[in-house]
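Single-letter residue listing:
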Amino acid sequence: VAVAHDAAFAFIYPANLQTLRDLGAEVVWFSPLANEPLPACDAVWLPGGYPELHTAALAAATRTRDGLAAHAAAGRPVWAECGGMLALCKSIILTDGARIPLWGLLPGEVVMHSRLAALGPQAWQTPHGELRGHTFHYSTLQTAMAPVAHTTPARVHGRAEAVYRHGSIQASYFHAWFASSPRATAALFGAEVAA
């Protein structure tokens, strides 16, 4: 599993990495901010972070973008959560109104807000078990993609998060806690899991 890791993609629970390793995965790293090529891998995890603070560098990371595009075109899994999802979108509108192009692998545009858009614990009932986690973001996604699922907020006034699938890419604002369901995690990254 290739994992993006730099100042733009820094929200990574060590327990998530341990869960991947416990499942038998070898974790390899790459830095989109350094425009590193995607390492040879079976699946990709684009974790959360703050890509909105690094838009120019990410827009210029064409080698990383092209590697991800080829990976997805080959039908290999990508899990993009929160900031990872943002980077895959066509563009982002910053709070000052500037529109910056991003990687364009997901049909959608991100709009940044000065106030928190969502916060709180969530659960995703996948076909292979319940993944728990949380949501925390200052942006919203404008897209024609229809969600394939929604998370369930743990709080009464919480907001469910959409889960999208675009080819082999799955994306959401939801940050998954992989240890809450290793089976669902394995399936998320393309492993064959018995029903």
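Everything here concerns the structure above.
Nothing here was measured: the structure is a model prediction, and the numbers come from that model.

### Regarding the nonpolar core
A general trend in soluble globular proteins is that nonpolar side chains are found buried together.
And step 1. Counting 37 residues, the largest nonpolar core has Val44, Leu46, Leu68, Met85, Leu88 and Trp103 as the members making the most contacts within it.
And step 2. Take this core: its biggest share by element is four residues, from helix H4 (residues 83–88).
And step 3. Setting aside residues no more than four positions away along its own chain, Leu88 makes contact with Leu46, Leu68, Val78, Ala80, Trp103, Gly104, Leu105, Leu106 and Ile169.
And step 4. By size, the runner-up hydrophobic cluster in this structure holds 18 residues, among which are Ile12, Val163, Ala184 and Phe189.

### Describing the pattern of salt bridges
Two side chains bearing opposite charge may form a pair once their charged atoms approach each other closely.
And step 1. Applying the stated criterion to the full structure yields three salt bridges.
And step 2. Across the salt bridge formed by Glu130 and Arg132, the nearest N and O atoms sit 3.5 Å from each other.

### A word on a nonpolar patch on the surface
And step 1. Together, Tyr50, Leu53, Phe136 and Tyr138 make up an exposed nonpolar region whose accessible area comes to about 410 Å².
And step 2. With respect to the helices and strands, Leu53 occurs in the loop between strand S3 (44–46) and helix H2 (55–59).

### Here's the deal with the sheet that holds strand S10 (residues 139–143)
And step 1. Pairing is mixed across the open sheet formed by four strands, whose spatial order is S6-S5-S7-S10. Every interior strand has two partners, whereas the edge strands, strand S6 (99–101) and S10, have only one. Within this sheet the neighbouring strands show an average axis-to-axis angle of 25°, counted without direction.

### Notes on the packing of aromatic side chains
Two aromatic rings are characterised by how far apart their centres lie and by the angle between their planes.
And step 1. Evaluated as defined, the whole model comprises seven aromatic pairs.
And step 2. With 5.6 Å between their ring centres and 80° between their planes, Phe178 and Phe189 make a pair best called edge-to-face. You can see Phe178 sitting in the loop between strand S15 (175–177) and helix H5 (182–188) and its partner Phe189 sitting in the segment after H5, a full eleven residues away along the chain.
And step 3. Looking at Phe178, the relative accessible area reads 0%, which means it is buried.
And step 4. Residue classification places Phe189 among the buried residues on the basis of a relative accessible area of 10%.
And step 5. Each residue in the set Phe11, Tyr13 and Trp177 is aromatic and connected to the rest through ring pairs, giving one cluster.

### Remarks on the state of the cysteines
And step 1. Inspection of the entire model under this criterion finds zero disulfides.
And step 2. The cysteine Cys89 is free of any disulfide, with Cys82 supplying the nearest cysteine sulfur at 11 Å.
And step 3. Among the residues examined, Cys89 registers a relative accessible area of 1% and is labelled buried.

Procedures and definitions
- Residues numbered from 1 in each chain as written.
- Predicted model: local features only at pLDDT ≥ 70, side-chain atom pairs only at ≥ 80, totals over all residues.
- Heavy atoms only, no water.
- Core = buried A, V, L, I, M, F, W, Y, C linked by side-chain atoms within 4.5 Å.
- Buried < 20%, exposed > 50% of the residue type's maximum accessible area, 1.4 Å probe, protein only.
- Helix = DSSP H or I, 4+ residues; strand = E, 2+ residues; numbered from the N terminus.
- Contact = heavy atoms within 4.5 Å.
- Salt bridge = Lys/Arg side-chain N within 4 Å of Asp/Glu carboxyl O.
- Patch = residues over 30% accessible without salt bridge, like charges linked within 9 Å, V, L, I, M, F, W, Y side chains within 5 Å.
- Areas by Shrake-Rupley, 256 points an atom, 1.4 Å probe, with all protein chains shown as cover.
- Pairing = 2+ DSSP bridges.
- Axes fitted to C-alpha atoms, helices over the stretch in contact; angles between N-to-C directions.
- Phe/Tyr/Trp six-rings, centres within 6.5 Å; stacked < 30°, edge-to-face > 60°.
- Disulfide = S-S within 2.5 Å.

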